[in-house]
2 protein chains.
Amino acid sequence: MSVSKELIQKLITVVGESYVFTDIETRNNYGHDETEDFCFPPSVVVKPGCTEEVAAVVKLANDFYTAVVPIGGQTGLSGGALSVLEGIGLSTERLNKIIEIDEKNLQVITEPGVITQVLREKVAEKDLFYPVDPSSMGSCFIGGNIAENSGGARAVKYGLTKDYVLNLEVVLPTGEIIWTGANTLKNSTGYNLTQLIIGSEGTLGIVTKAVLKLLPKVSFNILMLVPFYKADQACEAVSAIFRAGVVPSALEFMERDAIDWSLKYIEGIAIDVQPDHQAHLLIEVDGNYPEILMLEAEKIMNVLEKFQIDEILFADTEDQKSALWKMRRGVAEAVKANSIYKEEDTVVPRYELPKLLTGIKSIGARYGFQSVCYGHAGDGNLHVNIIKGNLTDKQWNEEVPKGIREIFELTLSLKGTLSGEHGIGWVQKNYMDIAFSKVHLELMEQIKYIFDPNNIMNPGKILPDKF
Amino acid sequence: MSVSKELIQKLITVVGESYVFTDIETRNNYGHDETEDFCFPPSVVVKPGCTEEVAAVVKLANDFYTAVVPIGGQTGLSGGALSVLEGIGLSTERLNKIIEIDEKNLQVITEPGVITQVLREKVAEKDLFYPVDPSSMGSCFIGGNIAENSGGARAVKYGLTKDYVLNLEVVLPTGEIIWTGANTLKNSTGYNLTQLIIGSEGTLGIVTKAVLKLLPKVSFNILMLVPFYKADQACEAVSAIFRAGVVPSALEFMERDAIDWSLKYIEGIAIDVQPDHQAHLLIEVDGNYPEILMLEAEKIMNVLEKFQIDEILFADTEDQKSALWKMRRGVAEAVKANSIYKEEDTVVPRYELPKLLTGIKSIGARYGFQSVCYGHAGDGNLHVNIIKGNLTDKQWNEEVPKGIREIFELTLSLKGTLSGEHGIGWVQKNYMDIAFSKVHLELMEQIKYIFDPNNIMNPGKILPDKF
């Protein structure tokens, strides 16, 4: 779907010549996110500077029956920002203002192009807390978080992006602008379009403003790294901790291989991992009263002593805490930088984690692929990095997808689903039939149609090619 | 829309003769909820006993182009369960099993006809906590809570029904059965139909099973009643408490008239209210560490001393706590039992409460109606009971709705909306144009259409008659 000269001229009229790009370098720069090594450049990149410009661009796209792909921080892991049908790549990077931090109502009104970490820091300056912390928070955008319903390490206690979005300004695929809800904590007024837009991966419209809920700041935390001699016991401990009445602010799982990749490739991590440690849990509790955190940590230790663990490492300093988080957050980066891989975002009820992990390894053994598993165990959310290693292209492209299908069938049999926080995007869409019946998929397709009758808004995403 | 003999015969075939009722007494019994004094009896009442029977009834309704209205605990306040077009009243009362309390995953799988309080008590026996507590929890159903996205006093800390629903089994208006999501805490897999069904007031389908998230139990609380000499200062204190870094587990506002109605009509409340107390806040903090609760209570008292308050009453015993909650929860009952009234469910960002309260009183003064205001101030959710008193029927039916319209316009101007937790149902639908543009309402109408092309599922609710 190339873009006509006439359309480009009209785009220039809308956003100005400085913000319309047709050179191949820019197009390539906006042709990828963090999904595998894919590059699908848009035919033209536009960078509107306000809601009205976004609306005008979308209206043009609709008039010209041309695809428009919203592009945020390009950190997505399911290919949601890839211009798979070319067309217009609409970067939200100039929509990067925090419009108001409303201290009286504990809310922030923001544009979508604000980097998540920047938003977290700006509200922290006012003693407020935005808890959502995807691993990519240093570069991902709030708009992308909304599009994918992003989580992160603290989701286990504080919830996901969807739990903080009160109201959205959205440019619909027709170019109309609506606010989906109200700036209130409660809302039972009509169908919940706010939650319908969240996680819709830019296929139903482009978010141009968001009103987010904030919490009072949380001042203290305790972070511990727990080495397990058996990986399945690490998974079992996860459910036991909650059952003891503790809700940790993070509960992360790393199997041995995950830590090894991180230690090997990420600089500045000096952590003593013994050869017989099969897996680790990284556990954090947080709150405003240090003495209570000690009590919670003790409760956790009482649970852990029932399992075969080695000595627990408590992070004593901020530097140690940073190192542990760097190790955890570095896994994906280490794998990515050093191998061709596919990443799955499996999620199950947390007690089913041991079955999921065992099942994945067994499926991998049958199909001959190695996998590196880690993730937000407290949520039952296990990231599975499948390494190409010595597989042939034929095995990689034809056999491995069958193994992935089996992994997803396993998650469904455990009452889980395909994606916990990365979305379906482009790379998982043809597994959707595992999670949903034909009737269900048709409903989704019809919802897409009523928002976007000309199928111009991020086409080719979420819904399977045919079902 | 009366129901043919043929359809009744087929309904009997599906659910059995004992569960199909056409007598006027039963029809009247199922013709009302708690909305004003309305009674709209269905033509026939059916009580299916399982999902498959619900699906078969709905399929018949669809085949016969006959309205079907899901009826739960009949405690709704927006007329969602009224059979305004007659047809089939489908009671969910036989779907009253708690299927499984899953202690390992902190979840409960339940049918929709379980009473909310029963569910809370059953999970509490396992040291688990379902926090949603609408005032009607002693008789409302979980299914109704899902339909209206019900809140309650603890929503301020723990959230609404929508924050606890992980997955729903839904009978669609065509009679098809789907599960909307997965039994997981996180889910970024396709459009969020779970959240679309929640709050859709039975217009998109009938929930036949729900998977709900549970929390570890919370053991202690402190409850205090704070008398204010000025009502607007009580409202102002609400925002100030959060700004001090405390998140109370309940923060309820009652203006003077509300307490007076409750004290006058509800038995067993012995609370000393002075003539110059204009309003009260009922404030609760909860947690597992009593010493921390004392610290939080002190923080709250430090905030409160900046306002003109009389002596704070701390509830020392469980009996005293019950009396205070009875007083608060009794307001609606007291008003309802002793007056013709209309109830509005206004909601604004919490800092805007003083403006909302002042505005409502000023609008009331212009239209000549008295209002009793109370509610979940921590959420900015103010219930407004408009008393008929000495107004003529003409004033009541023609003038008061204009005043209500002005109240809603005020909530919108304060970035709030029409309903925080009661829903739109039948009585508020013709105010929807205040909250939503034509484009927005058309999207909702189209969503309704794709789920329910024959408009049989709870027709005449939510969407305005014409827009």
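Residues numbered from 1 in each chain as written. Chains lettered and ligands numbered in written order. Predicted model: local features only at pLDDT ≥ 70, side-chain atom pairs only at ≥ 80, totals over all residues. Heavy atoms only, no water.

- If you check an unreviewed UniProt entry, chain A appears there as FAD-binding protein from Flavobacterium columnare.

Looking at the relation of the copies chain A and chain B
Reasoning step 1: Superposing chain A onto chain B requires a rotation of 180° together with a translation of 0.0 Å along the rotation axis, leaving an RMSD of 0.0 Å. Put plainly, the chains are arranged around a two-fold axis.
Reasoning step 2: Interface overlap between copies is the fraction of interface residues in one copy that are interface residues in the other; for chain A against chain B it reaches 100%, indicating a shared surface. (Least-squares fit on C-alpha atoms with pLDDT ≥ 70 in both. Contact = heavy atoms within 4.5 Å.)

Considering the UniProt feature "domain: FAD-binding PCMH-type" (unreviewed entry) in chain A
Reasoning step 1: Mapped onto the present numbering, the UniProt feature "domain: FAD-binding PCMH-type" (unreviewed entry) falls on residues 38-217 of chain A.
Reasoning step 2: Taken end to end, residues 38-217 of chain A is 21% helix and 23% strand, and its two terminal C-alpha atoms sit 39 Å from one another. (UniProt positions renumbered as here; feature names shortened; annotations may be inferred. Helix = DSSP H or I, 4+ residues; strand = E, 2+ residues; numbered from the N terminus.)

Some thoughts on the sheet that holds strand β6 (residues 107-110) of chain A
Residues and elements named next belong to chain A.
Reasoning step 1: The strand order across the open sheet built from five strands is β5-β6-β10-β8-β9, with neighbouring strands paired in antiparallel fashion. Every interior strand has two partners, whereas the edge strands, β5 (98-102) and β9 (177-179), have only one. On average, each strand axis in the sheet is tilted by 10° relative to the strand beside it, whichever way the strands run.
Reasoning step 2: As judged from the six bridges shared by strand β8 (residues 165-171) and strand β10 (residues 206-213), these two strands associate in the antiparallel manner. The residue of β10 that forms the bridge with V170 is V207.
Reasoning step 3: On top of the sheet, helix α4 (residues 116-124) reaches β5, β6 and β10; it is set at about 35° to β5, its chief contact. (Pairing = 2+ DSSP bridges. Axes fitted to C-alpha atoms, helices over the stretch in contact; angles between N-to-C directions.)

Comments concerning the packing of aromatic side chains
Residue and element names in this part refer to chain B.
Reasoning step 1: Applying the stated rule across the entire model yields 16 aromatic pairs over all chains.
Reasoning step 2: Judged by centre distance (6.2 Å) and plane angle (40°), the ring pair of F38 and F40 falls under tilted.
Reasoning step 3: You can call F40 partly exposed: its relative accessible area is 22%.
Reasoning step 4: Plain terms: the ring middles of Y130 and Y164 are 5.9 Å apart, the flat faces sit at 75° to each other, and that makes the pair edge-to-face. Of this pair, Y130 sits in the loop between β7 (128-129) and α5 (142-148) while Y164 is found in the loop between α6 (155-158) and β8 (165-171), placing the two residues 34 residues apart along the sequence. (Phe/Tyr/Trp six-rings, centres within 6.5 Å; stacked < 30°, edge-to-face > 60°. Buried < 20%, exposed > 50% of the residue type's maximum accessible area, 1.4 Å probe, protein only.)

Considerations on the nonpolar core
Nonpolar side chains in soluble globular proteins tend to end up buried together.
Reasoning step 1: Counting residues in each nonpolar core, the largest one holds 181 residues, and the members touching the most others are L281(A), I447(A), L281(B) and F451(B).
Reasoning step 2: Once residues within four sequence positions are removed from consideration, F451(B) is found in contact with L443(A), I447(A), L172(B), P173(B), L196(B), I197(B) and L204(B). (Core = buried A, V, L, I, M, F, W, Y, C linked by side-chain atoms within 4.5 Å.)

A few points about the sheet that holds strand β12 (residues 220-228) of chain B
Residue and element names in this part refer to chain B.
Reasoning step 1: Spatially, the seven strands line up as an open sheet ordered β15-β12-β14-β13-β17-β18-β16, and their pairing is antiparallel. A single partner strand is all that each edge strand has here, and the edge strands are β15 (313-314) and β16 (341-347).
Reasoning step 2: Two elements, β12 and β15, share two bridges in a ladder whose sense is antiparallel. For M224, the partnering residue across the bridge sits in β15 and is F314.
Reasoning step 3: Helix α10 (residues 290-304) rests against β12, β14 (279-287) and β15 of the sheet, and its axis sits at about 15° to β12.

Some details on the domain arrangement of chain A
Residues and elements named next belong to chain A.
Reasoning step 1: For chain A, the assigned domains read domain 1 (5-91), domain 2 (98-216) and domain 3 (220-414).
Reasoning step 2: Using only C-alpha atoms to locate each centre, domain 2 and domain 3 end up separated by 27 Å.
Reasoning step 3: For the pair domain 2 and domain 3, the summed buried area comes to about 1,000 Å², and 45% of that belongs to carbon and sulfur atoms.
Reasoning step 4: When the buried area of domain 2 at its contact with domain 3 is split by residue, R154, V156 and K157 rank highest and sum to 53% of it.
Reasoning step 5: Scanning the region where domain 2 abuts domain 3 turns up three salt bridges.
Reasoning step 6: A salt bridge links D286 to K157; its shortest N-O distance comes to 2.7 Å.
Reasoning step 7: Along the contact surface separating domain 2 from domain 3 lie five residue pairs in polar contact (both at pLDDT 80 or more).
Reasoning step 8: Partitioned by chemical class, the residues of the side of domain 2 that touches domain 3 number five nonpolar, two polar and three charged. (Domains from an automatic or database assignment. Buried area = accessible area lost by both parts, 1.4 Å probe. Salt bridge = Lys/Arg side-chain N within 4 Å of Asp/Glu carboxyl O. Polar contact = N/O pair within 3.5 Å; in protein donor to acceptor, adjacent residues only side chain to side chain. Nonpolar A, V, L, I, M, F, W, Y, C, P; charged D, E, K, R; others polar.)

Topic: the packing of helix α8 (residues 231-243) of chain A against helix α10 (residues 290-304) of chain A
Residues and elements named next belong to chain A.
Reasoning step 1: At a minimum axis distance of 9 Å, the contact between α8 and α10 shows a crossing angle of 135°. The orientation of α8 with respect to α10, classified from their angle, is oblique. In this structure, α8 crosses over α10, and the sense of that crossing is right-handed. Contact residues: α8 offers A237, A240 and I241, while α10 offers I300, V303 and L304.
Reasoning step 2: Considering only residue class, the contact of α8 with α10 consists of six nonpolar, no polar and no charged. (Parallel < 35°, antiparallel > 145°, perpendicular 65-115°, else oblique. Left-handed = near helix turned anticlockwise from the far one by under 90°.)

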